[in-house]
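# Fold and geometry: a report
Next come the chains, spelled out residue by residue.
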Amino acid sequence: MDNPFLSPSTLPYQLPPFGQISEDHFLPAFDAGFARHTAEIEAIAANPEAPDFDNTVAALETAGQVLGRTALVFFTLSHADATEGVQKIEQQVGPQLAAHEDSIYLNRQLFERVQAVAGQQEGLDDEQARLVSEYQRRFIRAGAQLDDAGQARMRELNARLSELSTEFSQRLLKDTNDSALVLDDAADLAGLSDDDVASAAAAAREAGHEGKYLLSLVLPTAQPALASLTNREVRRQLHTAALNRGFRDNESNTLSIAAELAALRAEKAALLGFGSHAEYATDDQTAPSLDAIHEMLDKLAPAAVRNARAEAGELQDAAARDGHELAAWDWAFYSGQVRREKFDVDLAALRPYFELERVLTDGVFFAANRLYGLTFTERTDLSGYHPDVRVWEVKNEDGTGLGLFLGDYYTRDTKAGGAWMNSLVNQSRLLAQEPVVLNNLNLSKPAEGEPTLLSFDEVVTVFHEFGHALHGLFSSVTYPLLSGTAVPRDFVEYPSQVNEMWMLWPEVVRNFANHHVTGEPLAQDVIDRVNAAAVWGEGFATTEYLGATLLDLAWHELAPGETVEDPEAFEAQALQAAGVALDLVPPRYRTGYFKHIYASGYSAAYYAYIWSEVLDADTVEWFKDNGGLTRENGEHFRTELLSRGNGINPLQAFRNFRGRDAQIEPLLNRRGLA
């Protein structure tokens, strides 16, 4: 059987040949990739020549290409199209990958060569020196300096952690699908738009509930439909379904997995000399210390909770008019009412102005053209891994090719919740690779022939994820390990959050926000009122975010040997101790469905969003002060920051862009915490 992973793709930009790839290719490709990479690593480690940059570090960068190609495609599918076959392969391959990585980073002979190169800085350029430092750091953090017993235990821990992470993800996907709310009567959906009702009917039909209506669950606690549903009992059912994922007494319960993951991570951290996994995880981030992270969060939490309580008072007044005592499932509904009364803003009424094609072409792509000179041409001759995936070729202002951008926007039962960006091909001059990047969202698919209308928050998400895509597309580094978004976790969200600013930038919003039927542009006075109302709801938003962040840290500050027998009670105690235990404002993610920290690489790092937002808010001020959406500004941001990947200290890249360190005041003003 010809296996498409065994040689580089011949398609433009080395786009994986999805039309030739089947599930049967993955296991043989992984086997071949493991074997080839192992042989390459052994040859580097046993090289009789004295270690230098080229024969050790650069050689590591060129090794493992078959395995890399296979893994990038496979794990794209395991998140975006996790069929039963893909899930079975992941259960087998996950521990193998963990063991293979251990065979590299626990190889003392190889580590000694890297250490030798680290002592030979003369003659290396800045990116080469950074690459050597990054490899040295990875070996040490993996346990290369442990004794034999320590390394043996590390291998056991990594294998088990891989198994548990996969199991958490697969259980959560199943429970999220099983928890979707099925309703018998269209009247139960009162308050939703006709398009939303039609989408719910189509979703039910696809799930085998002909004649009924299905509300799928998005990953966070808050569900978009809660803002519009007028039936309070349906709101309660939907909110409860979201809140109980992973907690139910069934085969999809994730709590024991979460507790075991946290305990094993604490043990692994102890092996490496850290007091907790949180200390280990934050040791190599841009934040100077775990204490500094807590100091920031501890300052924000009381102000956020005060604002949330003040908002709750106004919402209770609104709920009382309907004879209700405000409950968590009422928050979004009455928040919308109060926003309309205070600011004359109805975000739900904006959906007809936010049609996906216009948002993409005349919003996201338009802003990228004005700022960076990019053009986007849809390549219908190129295919993705699913019929819903679209492919665009991206070119620079001078017409040279930059890379490919793929968009996969619709939800399906085989797709994980949430939204994300990942790379299918990492930019690297060493490997002569240009970037191929992918955005995934979970929009409800409309009925056949109907437009895809987005909520206000979904438009924000489209701009946000495209900010990640730009970070990958603009990468201009030599070495793949430093490419694109391969920066510290608490820096990676920064460029994506900056890109959100263009959504309501006058030139941009005027270009895409037109009523999908009448063509009428969204009135400027409406946009002005939306901007004026921006701080409304920040008490809730900041508190629910901090609830998740502080819960993440509580799980990952367990001492080695400490176990949690009752995860639900632990969660409640952690939120109470952190001062963010509000019944009306549950955390953005609870333990049972906190995929970010149990299956997506954000363990002890969910704080990254608000840490990055300090840089983001300060950068937004810079753009405003310097003329906004101009090619000069875009070129400066691209050259000094977006193109640098991890080839330079990210905070130095920020200083080069901004001319100074970031200041926190713009963030405090944005969130109403000043």
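The structure this text deals with has already been given above.
Keep in mind it's a predicted model, so treat the numbers as computed, not measured.

Right, let's talk about the pairing of strand 6 (residues 420–425) for a bit. Of all the six residues making up strand 6, six are buried; the element is thus mostly covered by neighbouring parts of the structure. Across five bridges, the pairing between strand 6 and strand 7 (residues 436–443) is antiparallel. Note on strand 7: the bridge partner recorded for Asn422 is Leu438.

Summarising the element assignment, Arg671 is placed in the segment after helix 25 (665–670). What Arg671 contacts, discounting residues up to four positions off in sequence, is Asn307, Glu538, Ala541, Thr542, Ile610 and Glu613.

Turning to the packing of aromatic side chains, a few remarks are in order. What describes a pair of aromatic rings is the distance from one ring centre to the other and the angle between the planes of the rings. Across all of its chains, the model carries 43 aromatic pairs by this definition. Relative to Phe512, the ring of Phe463 lies with its centre 6.1 Å away and its plane at 45°, an arrangement referred to as tilted. One end of the pair, Phe463, is in helix 15 (residues 456–473); the other, Phe512, is in helix 17 (residues 506–512), with 49 residues separating them in the sequence. Each member of the pair, Phe463 as well as Phe512, carries the same accessibility label: buried. On the basis of an interplanar angle of 35° and a centroid distance of 5.3 Å, the ring pair of Tyr545 and Tyr606 is categorised as tilted. Residue Tyr545 is located in helix 19 (residues 538–556), and its partner Tyr606 is located in the loop between helix 21 (595–599) and helix 22 (608–625); the two are separated by 61 residues in the primary sequence. No difference in accessibility class separates Tyr545 from Tyr606, as the two residues are buried. Site record: aromatic cluster; members linked through ring pairs are Phe491, Tyr494, Trp502, Trp505, Trp622, Phe623, Phe637, Phe654 and Phe657. Sitting above the plane of the Phe333 ring, Arg235 keeps its charged end 4.2 Å from the centroid.

Most of the time, phi is negative for any residue but glycine, and the peptide bond is trans. Even without a glycine there, the phi angle at Asp344 is positive, about 55°. With respect to the helices, strands and loops of the structure, Asp344 is situated in the loop between helix 13 (331–343) and helix 14 (356–372). In this model, Ala604 sits at a positive phi of 60°, which is unusual for a non-glycine residue. Classification of Ala604 as buried rests on a relative accessible area of 1%.

Okay, helix 15 next. An α-helical turn contains 3.6 residues, so any two residues separated by three or four positions project in the same direction. The first and last C-alpha atoms of helix 15 sit 26 Å apart over 18 residues, in line with the 26 Å expected at 1.5 Å per residue. Of all 18 residues in helix 15, 14 are buried, a share of seventy percent or more.

This part takes up the packing of helix 14 against helix 15. Orientation of helix 14 relative to helix 15, taken along the N-to-C sense of each, is 40°, at an axis distance of 11 Å. Our classification of the angle between helix 14 and helix 15 gives oblique. As for the relative orientation of helix 14 and helix 15, their crossing is right-handed in sense. For the pair helix 14 and helix 15, the contacting residues are Val359, Leu360, Gly363, Val364, Phe365, Ala368 and Tyr372 in the first and Val459, Val462, Phe463, Phe466 and Leu470 in the second. Taken together, the residues of the contact of helix 14 with helix 15 sort by class into 11 nonpolar, one polar and no charged.

Moving on: helix 2 (residues 53–62). A large share of helix 2 lies buried, amounting to eight of its 10 residues. Those residues of helix 2 that sit buried are Phe53, Asn55, Thr56, Val57, Ala58, Ala59, Leu60 and Glu61. Close packing links the buried residues of helix 2 with helix 1 (26–45), helix 5 (108–118) and helix 6 (126–142). Between the side-chain oxygen at the start of helix 2 and the backbone nitrogen of Asp54 there is a gap of 3.2 Å, and the oxygen is on Asp52. Backbone geometry just downstream of helix 2 places Gly64 in the positive-phi region, at approximately 80°.

This brings us to the packing of helix 12 (residues 290–321) against helix 13. At a closest axis distance of 9 Å, the pairing of helix 12 and helix 13 adopts a crossing angle of 90°. Classified by the angle their axes make, helix 12 and helix 13 are roughly perpendicular. Side by side, helix 12 and helix 13 meet where Ala308, Glu311, Ala312, Glu314, Leu315, Ala318, Ala319 and Arg321 of the first sit next to Trp331, Tyr334, Ser335, Gln337, Val338, Glu341 and Lys342 of the second.

Let us look at the pairing of strand 7. With eight of eight residues buried, strand 7 is to be regarded as a mostly interior element. Along strand 7, one buried face is formed by Val436, Leu438, Asn440 and Asn442 and the opposite face, lined by Val437, Asn439, Leu441 and Leu443, is buried too. One ladder, built from six bridges, connects strand 5 (residues 401–410) with strand 7; its direction is parallel. Bridge pairing in strand 7 places Phe405 opposite Val437.

Turning to the nonpolar core, a few remarks are in order. Formed by 141 residues in total, the largest nonpolar core has its most connected members in Phe354, Trp502 and Phe512. When residues in this core are grouped by element, the largest group, 15 residues, is from helix 12. If near-sequence neighbours (up to four positions away) are discounted, Phe354 is found in contact with Val359, Thr452, Leu453, Leu454, Ser455, Phe456, Val459, Met503, Phe512, Ala513 and Leu522. In terms of nonpolar packing, the next biggest core, distinct from the first, is built from 31 residues, Leu77, Val391, Leu404 and Leu438 among them.

The rules behind these values
- Residues numbered from 1 in each chain as written.
- Predicted model: local features only at pLDDT ≥ 70, side-chain atom pairs only at ≥ 80, totals over all residues.
- Heavy atoms only, no water.
- Buried < 20%, exposed > 50% of the residue type's maximum accessible area, 1.4 Å probe, protein only.
- Helix = DSSP H or I, 4+ residues; strand = E, 2+ residues; numbered from the N terminus.
- Pairing = 2+ DSSP bridges.
- Contact = heavy atoms within 4.5 Å.
- Phe/Tyr/Trp six-rings, centres within 6.5 Å; stacked < 30°, edge-to-face > 60°.
- Lys NZ or Arg CZ within 6 Å of the ring centre and 35° of its normal.
- Expected span 1.5 Å × (residues − 1).
- Axes fitted to C-alpha atoms, helices over the stretch in contact; angles between N-to-C directions.
- Parallel < 35°, antiparallel > 145°, perpendicular 65-115°, else oblique.
- Left-handed = near helix turned anticlockwise from the far one by under 90°.
- Nonpolar A, V, L, I, M, F, W, Y, C, P; charged D, E, K, R; others polar.
- Polar contact = N/O pair within 3.5 Å; in protein donor to acceptor, adjacent residues only side chain to side chain.
- Core = buried A, V, L, I, M, F, W, Y, C linked by side-chain atoms within 4.5 Å.

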